[in-house]
Amino acid sequence: MTTRARSTTVSWSRGNARRLDRQFLSGNASSSSDTAPDATAAVASMLGAHAQVLSAAELSAGLRAPGVTRTDVRTALWTDRTLVKTFGPRGTVHLLPAEELPMWTGALSAVPRGSSPFTKAAGMTSEQVEAVVAAVAAALTGAELTIDELSDEVVARTGPWAGDLVMPAFQGFWPRWRQVLHLAGHRGALRYAPNRGRKATYTNPGTDPMPGPEATAALVRRYLRAYGPATPAHFARWLAAPRGWAGQLFEELAGAGAIEEVAFEDCGPAWVAAGDTLFPSEAPRGVRLLPYFDAFTIASRPRERLFPGAAYGRALAGGQAGNFPVLLVDGTVAGVWHQRRSGKRIAVTVEPLSPLDAARTRALEEQVDHVGRVMEGIAELTVGEVTVGAHA
């Protein structure tokens, strides 16, 4: 049952329940709507699936979409091209719906860039940045290149300075131009293409970004639909954008009547899209497993309410969400879990922070079976301590 709020006050429980509903995460069932989402709709519902580890993105999508497997996600990505793998919020690799790419590139291009984390000697001038982005776009048009091939093209098109090994990397140094690789993605000049063997490749998506003001307004409305009520500070942290810029953006959208203010428990004034004031009347119920870097755990605020009590210390890494797969019970984090694959067998260990009753244990077993179906294996549950540390 859903009711229209009689006042401007929204409780944490109702706000959280709506987020779960809109991301197909309500209850114990595999779907929270009459129309089951496909892989692309599941990714759209959470505003992108974090794909630095592609298997985590596959699981994020599959656990929201009944019957969807990791093969279905890969088909949507590489064959049907309804999904795109590129640099998304916070400059991290995400799966995004292809039809939304103009909005994403337009909005991400409009976010003010912060100061460079590199030394002056390793930095780049604004002219050099623009030259590299143009070179990336030109090199990848009609081509699929590995990072080494792309590097050769960029240096050839810009100059030897772009190839200077000045960027600290995992086991040495990367060439100077690599520091704007994610920016090229944000500008719409680059996306991932299918791997060539074990090597990632890149191509130019050939998509024109939406104009900045239109794109940022659309992204705020989409964000508030998925994660509202939310504050400008919440939006800024999710996007890795300056707070002042986000505050001004919300102020302009409020003045234009595109968003409206509500009072959100523990947050004070917060915002929803204009007219979007329907909230579930019942608290969240059920058991869910979410993988590493799931968008719901990263974007939902205030974090202390989603990770209550002992969960804040056990399921976060120094306050950072996403580094542990989590167990949700009645809409909040209530444990961590880990999976280890050997052939078709997937050993799933779940560590609840408090004992589960018989009904919740059965629901957990169903979730573990769902993990197995998504990952195209046979999952087996062990309830016990997770000894694996946080993902870096």
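Everything numeric here is computed off the predicted structure, so don't read it as measured data. (Residues numbered from 1 in each chain as written. Predicted model: local features only at pLDDT ≥ 70, side-chain atom pairs only at ≥ 80, totals over all residues. Heavy atoms only, no water.)

This part covers the sheet that holds strand β15 (residues 326-329). Read from one edge of the open sheet, five strands run β14-β15-β16-β17-β18, paired in mixed fashion. Unpaired on one side and paired on the other, β14 (287-290) and β18 (378-383) mark the two borders of the sheet. Across the sheet, the mean angle from the axis of one strand to that of its neighbour is 30°, orientation sign disregarded. As paired elements, β15 and strand β16 (residues 332-342) share four bridges and run antiparallel to each other. By the bridge assignment for β16, V326 is matched with V336. (Pairing = 2+ DSSP bridges. Helix = DSSP H or I, 4+ residues; strand = E, 2+ residues; numbered from the N terminus. Axes fitted to C-alpha atoms, helices over the stretch in contact; angles between N-to-C directions.)

So, on to helix α11 (residues 243-255). Given 3.6 residues per helical turn, the α-helix brings residues three or four places apart onto the same face. In this model, α11 (13 residues) spans 18 Å end to end at C-alpha, consistent with the 18 Å of a helix rising 1.5 Å per residue. Every buried residue of α11 is listed here: A246, L249, F250 and L253. Seen along its axis, α11 keeps its buried residues to an arc of 95°; they face one direction. The exposed residues of α11 that point more than 90 degrees off its buried face are G244, E251 and G255. (Expected span 1.5 Å × (residues − 1). Buried < 20%, exposed > 50% of the residue type's maximum accessible area, 1.4 Å probe, protein only. Arc of directions from axis to C-beta.)

All right, on to the environment of F293 then. Here F293 lies in the loop between β14 and α12 (295-299). Taking C-alpha positions, F293 is 17 Å from H234, a pair spaced 59 residues apart along the chain.

Time to look at the sheet that holds strand β10 (residues 199-203). Pairing within the open sheet is antiparallel, and its three strands lie in the order β6-β10-β9. Across the chains shown, the open sheet's two edge strands, defined by having one partner strand only, are β6 (145-146) and β9 (191-196). With four bridges connecting them, β9 and β10 associate as antiparallel partners. Looking across to β10, one finds that R196 is bridged to K199.

Among the five residues in strand β4 (residues 83-87), five count as buried, and that is most of the element. As judged from the five bridges shared by β4 and strand β5 (residues 93-97), these two strands associate in the antiparallel manner. Pairing of V84 across the sheet is with L96, part of β5. Following β4, the chain reverses through five residues before pairing antiparallel with β5; R90 in that reversal takes a positive phi of roughly 65°.

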